[in-house]
Amino acid sequence: MVRKWALRAVIAYFLFGAAMYVYLFFLADTAIPDMYKGTSIDPATFLNSRELMLSEEYSRIRNLMFFLATPYQWLFYYLILLFGISAMFERWAGKTAKWFPLQTIIYLFWLSLATFVVTFPLAYTSYLFSKTYNISTQHFSSWMKDQFLDFWVGYATMCVVVLVIYSMMKKFKKKWWLAVWVLSIPFSILMMFIQPVVIDPLYNDFYPLKDKQLEMKILSLADEADIPAEHVYEVDMSKKTNALNAYVTGVGSNSRIVLWDTTLERLDDEEVLFIMAHEMGHYVEKHIYKGIAGYVLLSFIGLWLTAKLMELWVRKRGKVWKVDSMTSISSLPAFLLITSILLFAASPLTNWVSRYQEMRADRYALEMTEDRDAAVRTFQDLTRAGLSQVNPPYLVKIFRYGHPTMLERIKMADEFERQEDED
Ligand SMILES: [Zn+2]
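Attention here is on the structure that accompanies the text. (Residues numbered from 1 in each chain as written. Predicted model: local features only at pLDDT ≥ 70, side-chain atom pairs only at ≥ 80, totals over all residues. Heavy atoms only, no water.)

## Considering the overall build of the chain
Using the following cut-off: A run of H or I in DSSP counts as a helix once it spans at least four residues, and a run of E counts as a strand once it spans at least two, with each numbered from the N terminus. For each residue, the accessible area found with a 1.4 Å probe, counting protein chains only, is set against the maximum for its type, and the residue is called buried under 20%, exposed over 50%, and partly exposed in between. All accessibility values rest on the Shrake-Rupley procedure with a 1.4 Å probe; residue burial counts only the protein chains present in the view.
Per the secondary structure count, the chain includes 14 helices and four strands. Along the first, second and third principal axes, the C-alpha set of the chain runs to 70 × 50 × 45 Å. The burial tally for the chain puts 49% of its 423 residues in the buried class. Within the structure as shown, the chain displays about 21500 Å² of accessible surface, and the carbon and sulfur contribution to it stands at 64%.

Structure, rendered in structure tokens:
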């Protein structure tokens, strides 16, 4: 019986992978609509033929990897339940320690280690592709160091989160999800507060801008938007990647705008100022705080649904999975499986909200800099540096894109100028 279910799940995974492969490589139309041919939106006008070919190839591979990775995790959680491996980890933990928190920490170590080993081939393949297409510049040893960091940071966070969840399950039989939700609010805010000062510096070096002339220009722009100067940072990314990026992070006194050094080095001053104005748009419109509010709302629904589904699954399948009750730690893969499926199902919505905020930030930047040319050049350079698609397939857009597509971004910059001209 167990084998039959396992076989079915594996077959379903491969069928899904094959279907996505056919969709991404053969069915999806990523050509530019005829009306934009020859305009600044058309990648043929700003990429050479080699870049055009590489960006199509690399984007397809990355999109496929994205769609393979999430269900791969689901398959893993399902199989370790089905084969009683989760129950075995719980027995090992029970033999080593008698105290519940310690048992949980030991159980989590085995589960995290198994997850790391099983997902490593996918992570490594992604890294290899990234190297092949000259996006990643990171040496294997440095990449591996980041993997280990990910492991320990993830493990430490997991220990805290899982201990709280299972203590609440034991304490409040029915309403545990509500208690977890209430506790998750201060916890997430704390995590966002310490992220830029505790976690991010483990991976990369952060410092004030090196190019002092550019810094002057950026700070005077920041001054216009009332953003204090000490909130602008540069991060050393050129050792790891050729891609360009900038972002807003942290809350309260730790909130900051971070520019990758690759962005500062490879774009001209007007483009950097456009990107900076975009990030200031996020800052001024308080997108981080709106994001937290949205997350709090979604997690209320998500935790309630998780509780219902978990009760149902453990009642129906617990015997087969050798999980005696929901409150025993061996049920954790079921919790992770359900939350991962729910997060994936919610991603079209969360991405849609994010794309809206990004569009607002683009508009803010256009209004502030009044530099349409720099905006268009920035989007074109971002496309080239990341070998990304200007017009991605529909499913890729709704599940993967937290930013509008380059087609949409360049088009908006274009139309913005026309509106200005009419005024
Ligand atoms: Zn943005």
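Additional details are given in the paragraphs that follow.
## Side note on the pattern of salt bridges
Basically, it comes down to this: The working definition used for a salt bridge is a side-chain nitrogen of Lys or Arg within 4 Å of a carboxyl oxygen of Asp or Glu.
According to the stated counting rule, one finds 17 salt bridges in the structure shown. Here D414 ties to R372 by a salt bridge, and the two come within 2.2 Å at their closest N and O atoms. Of this pair, D414 sits in helix α14 (residues 406-422) while R372 sits in helix α12 (residues 372-386), and the two are 42 residues apart along the sequence. The same class applies to D414 as to R372, namely buried. A salt bridge links E415 to K411; the shortest N-O distance between them is 3.7 Å. Of the two residues, E415 and K411 both sit in helix α14, four residues apart, roughly one turn of that helix. Among the residues examined, K411 registers a relative accessible area of 28% and is labelled partly exposed. Bridged by salt links that share partners, the residues E51, D381 and R384 form one connected network.

## A short note on the environment of S112
Definition in use: The criterion used for residue contact is that any of the two residues' heavy atoms lie within 4.5 Å.
Following the sequence through the fold, S112 ends up in helix α4 (residues 100-132). With a relative accessible area of 12%, S112 lands in the buried category. Taking C-alpha positions, S112 is 9.2 Å from W152, a pair spaced 40 residues apart along the chain. Those residues in contact with S112 that lie beyond four places of it in its chain are F151 and Y155.

## Overview of unusual backbone geometry
Positive phi outside glycine occurs at K322, with the angle close to 60 degrees. Within the secondary structure layout, K322 lies in the loop between α10 (287-321) and α11 (332-369). Even without being glycine, L387 reaches a positive phi, approximately 45 degrees. Mapped onto the fold, L387 is located in the loop between α12 and α13 (394-400). Residue classification places L387 among the buried residues on the basis of a relative accessible area of 7%.

## Thoughts on the packing of helix α6 (residues 176-203) against α10
The test is simple: Note on geometry: axes are C-alpha line fits, over the in-contact stretch for helices, and angles between N-to-C directions span 0 to 180 degrees. For classification purposes, an angle smaller than 35 degrees is called roughly parallel, one larger than 145 roughly antiparallel, one from 65 to 115 roughly perpendicular, and anything else oblique. Whether a crossing is left-handed or right-handed is set by the direction in which the near helix is turned from the far one by less than a right angle, anticlockwise for left-handed and clockwise for right-handed. We call Asp, Glu, Lys and Arg charged. Ala, Val, Leu, Ile, Met, Phe, Trp, Tyr, Cys and Pro are nonpolar, and the rest, Gly among them, are polar.
Relative orientation of the contacting elements α6 and α10 amounts to 155 degrees, with a least axis distance of 10 Å. When the axes of α6 and α10 are compared, the pair comes out roughly antiparallel. You can see that α6 and α10 cross each other, and the crossing is right-handed. Mapping the contact onto sequence places W176, W177, L178, V180, W181, S184, I185, S188, I189 and M192 in α6 and I288, I292, Y295, V296, S299, F300, L303, W304 and A307 in α10. The class makeup of the residues in the contact of α6 with α10 is 16 nonpolar, three polar and no charged.

## Re the pairing of strand β2 (residues 232-235)
The test is simple: Pairs of strands are assigned from DSSP output, requiring at least two bridges between the strands.
Where strand β1 (residues 206-207) and β2 come together, two bridges link them in antiparallel fashion. Pairing of F206 across the sheet is with V235, part of β2. Alignment of β2 against strand β4 (residues 256-260), held across four bridges, turns out to be parallel. Opposite V235, over in β4, you have W260 as the bridge partner.

## Brief notes about the coordination of the zinc ion
Here is the rule we go by: Listed donor atoms are N, O and S within 2.8 Å of the metal (Na, K and Ca: 3.2 Å). As water is not included, a site may look incomplete.
Note on the zinc ion: its protein donors are H278 (NE2), H282 (NE2) and E358 (OE). The metal-donor distances range over 2.0 to 2.1 Å. Positions of the donor residues of the zinc ion, expressed as sequence spacing, correspond to H-x3-H-x75-E. In this pair, H278 and H282 both sit in helix α9 (residues 269-284), four residues apart, roughly one turn of the helix. For H278, a relative accessible area of 4% puts it in the buried group. Its relative accessible area of 10% is what places H282 among the buried residues.

## Focus on the nonpolar core
Soluble globular proteins: nonpolar side chains tend toward being buried together. Short version of the rule: Throughout this description, the term nonpolar core refers to a set of buried Ala, Val, Leu, Ile, Met, Phe, Trp, Tyr and Cys residues connected via side-chain atoms within 4.5 Å.
Y166, W176, I218, L259, M280, L332 and F335 are the most contacted members of the largest nonpolar core, which totals 105 residues. Broken down by element, the residue count for this core peaks at twelve residues, all from helix α2 (residues 49-82). Membership of the second largest hydrophobic core comes to 14 residues, among which are I61, Y133, V235 and W260.

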